[in-house]
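A closer look at the structure
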Amino acid sequence: MNTVPPGDATYFDLASELVHDQPAEALDPEIAGALAAVGIVKGRPFEPDARMREILTEAAAVGNATARTLACRPRPAEGAHYYGASSQWLNGLLVSGHEFLAPPADITDRGVELRPNDGARKLNLRSWWWYLGVGISPAFTAPLPGVGSQYVFSMADQEGRALDGGRYYRLVLPPDIPAAKFWSVTAYDNQTRSMLDTPQRFPRAGSQAYPTPAAVSGADGTTTVHFGPDRPDGVPEGNWIRTTPGRGWFVVLRLYSPLRPFFDKTWRPGEIEAVD
């Protein structure tokens, strides 16, 4: 299944196809209004002339570049830097909620306490998520230990440099990774936002022994994941993710049934370090 939208003017042809295929009520009125402004309206043919097609071609390129920038380099003021501005680990959902309006409710044994809502949708964080992902759930944001899953993304090394498929890196995860069920680290291609396409086939490392061997911890309890075009000497197969020279990439750390140390940040992953 190809979930990557076009990056040229055919993006708007695809949008028109979807608008005409679905009931009118399927679209949020805000989104439907933006599409209508460029001539995409249910029940009307989408037939841009040459001038409009040229405008749409430029719009697709600029829009793609803008969304990529918002996704890969969010400003610290947006709040997506989960461990603070000095860290490269990102999660915009925990400051905006799945509707991008307010942080998720605080749920305790005293009940549910809603967080402040200033009435403004967090549009940059919405773009951050939807440029990288294709689905969302309230469970992604629920601050409940042992429930759902939590993700943090890293687009750069500890120095803030984009991750290069031709270089070698390592990621050290401290002992007691806070996932009751399992955890995984998966590498994605910067251009397609899909998993890296390499002879390794499954570009992941984690606690599960399928579909690749489970990652092995060191004597001190830490787990080190290595990234690079070749497996370094002495590194177990399950601790290495293959990358491709000439291709950029990013990482998602997933925790399934996350535990309290993730939410209170007493446990945090190391930064991705360049080792060459």
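Scroll up a little and you will see the structure.
Heads up: these notes are all about the structure in this document. Bear in mind the structure is a predicted one, so any value in this text is a computation, not a measurement. (Residues numbered from 1 in each chain as written. Predicted model: local features only at pLDDT ≥ 70, side-chain atom pairs only at ≥ 80, totals over all residues. Heavy atoms only, no water.)

1. Points about helix H5 (residues 123–132)
Because an α-helix completes one turn every 3.6 residues, residues spaced three or four positions apart along the sequence face the same direction. Looking only at H5, the buried set comprises Leu125, Trp128, Trp129, Tyr131 and Leu132. Of the surrounding elements, those touching the buried residues of H5 are helix H3 (50–72), strand E1 (89–90), helix H4 (93–96), strand E4 (149–154) and strand E11 (248–258). (Buried < 20%, exposed > 50% of the residue type's maximum accessible area, 1.4 Å probe, protein only. Helix = DSSP H or I, 4+ residues; strand = E, 2+ residues; numbered from the N terminus. Contact = heavy atoms within 4.5 Å.)

2. Focus on the packing of aromatic side chains
Applying the stated criterion across every chain yields a total of 13 aromatic pairs. Considering the side-chain rings of tryptophan 129 and phenylalanine 153, the 6.2 Å spacing of their centres and the 85° angle between planes classify their relative orientation as edge-to-face. Of this pair, tryptophan 129 sits in helix H5 while phenylalanine 153 is found in strand E4, placing the two residues 24 residues apart along the sequence. Each member of the pair, tryptophan 129 as well as phenylalanine 153, carries the same accessibility label: buried. Ring centres 5.4 Å apart and planes at 15° place the aromatic pair tyrosine 188 and phenylalanine 250 in the stacked group. Taken as a pair, tyrosine 188 in strand E7 (residues 179–189) and phenylalanine 250 in strand E11 lie far apart in primary sequence, 62 residues in all. Each member of the pair tyrosine 188 and phenylalanine 250 is classed as buried. An aromatic cluster is defined as three or more aromatic residues linked by ring pairs; in this entry it consists of Trp128, Trp129, Phe140, Tyr151 and Phe153. The aromatic ring of tyrosine 131 is capped on one face by arginine 193, whose charged end is 3.8 Å from the ring centroid. In this arrangement the basic side chain of lysine 265 is found over the ring face of tyrosine 82, its NZ or CZ atom lying 4.3 Å from the centre. (Phe/Tyr/Trp six-rings, centres within 6.5 Å; stacked < 30°, edge-to-face > 60°. Lys NZ or Arg CZ within 6 Å of the ring centre and 35° of its normal.)

3. Quick word on the sheet that holds strand E10 (residues 240–242)
If you walk across this open sheet you meet the four strands as E10-E9-E6-E12, and the pairing is mixed. The strands lining the two open edges of the sheet, one partner per strand, are E10 and strand E12 (273–274). With three bridges joining them, strand E9 (residues 223–228) and E10 adopt parallel strand pairing. Of the residues in E10, the one forming a bridge with glycine 228 is arginine 242. (Pairing = 2+ DSSP bridges.)

4. Examining the pattern of salt bridges
As enumerated under the stated definition, the model contains seven salt bridges in all. Between arginine 53 and aspartate 13 there is a salt bridge whose closest N-O contact spans 3.1 Å. Here the residue arginine 53 occupies a position in helix H3, and aspartate 13 occupies one in helix H1 (residues 10–21), the gap between them amounting to 40 residues. Classification of arginine 53 as partly exposed rests on a relative accessible area of 27%. The exposure class assigned to aspartate 13 is partly exposed, which follows from its relative accessible area of 29%. Measuring nitrogen to oxygen at the nearest pair gives 3.7 Å for the salt bridge that ties arginine 170 to glutamate 273. (Salt bridge = Lys/Arg side-chain N within 4 Å of Asp/Glu carboxyl O.)

5. A few points about the pairing of E7
Among the eleven residues in E7, eight count as buried, and that is most of the element. Relative to E11, E7 is paired through nine bridges, and the arrangement is antiparallel. Following the sheet pairing, alanine 179 is matched in E11 by proline 258. Relative to strand E8 (residues 204–206), E7 is paired through three bridges, and the arrangement is antiparallel. Each bridged residue has a counterpart across the sheet, and for threonine 186 the counterpart in E8 is arginine 204.

6. With respect to the pairing of E11
Counting buried positions over the eleven residues of E11 gives nine, a clear majority of the element. Bridging between E4 and E11 involves six bridges; their strand directions are antiparallel. When the sheet's bridge partners are listed, serine 154 is paired in E11 with valine 251. When strand E5 (residues 163–164) meets E11, the two strands line up antiparallel, connected through two bridges. Its bridge partner being in E11, leucine 163 is matched across the sheet by tryptophan 249.

7. Topic: H1
Relative to the 16 Å expected for twelve residues at 1.5 Å per residue, H1 spans 16 Å between its end C-alpha atoms, a close match to the ideal helical length. Residues Phe12, Ala15, Ser16 and Val19 constitute the buried set of H1. The buried side chains of H1 occupy one side of the element, clustering within an arc of 100° when seen end-on. For H1, the exposed residues set more than 90 degrees away from the buried face come down to Glu17 and Asp21. The secondary structure elements touched by the buried residues of H1 are helix H2 (29–36) and H3. (Expected span 1.5 Å × (residues − 1). Arc of directions from axis to C-beta.)

8. Some details on the environment of tryptophan 267
Here tryptophan 267 lies in the loop between helix H6 (260–263) and E12. Taking the C-alpha atoms as reference points, tryptophan 267 and tryptophan 183, separated by 84 residues in sequence, lie 14 Å from one another. Leaving out residues up to four positions away in the same chain, tryptophan 267 has contacts with Tyr83, Leu173, Pro174, Pro175, Asp176, Ile177, Pro178, Leu253, Pro261 and Phe262. A polar contact of 3.3 Å, which involves the side chain of tryptophan 267, links it to the backbone oxygen of proline 174. (Polar contact = N/O pair within 3.5 Å; in protein donor to acceptor, adjacent residues only side chain to side chain.)

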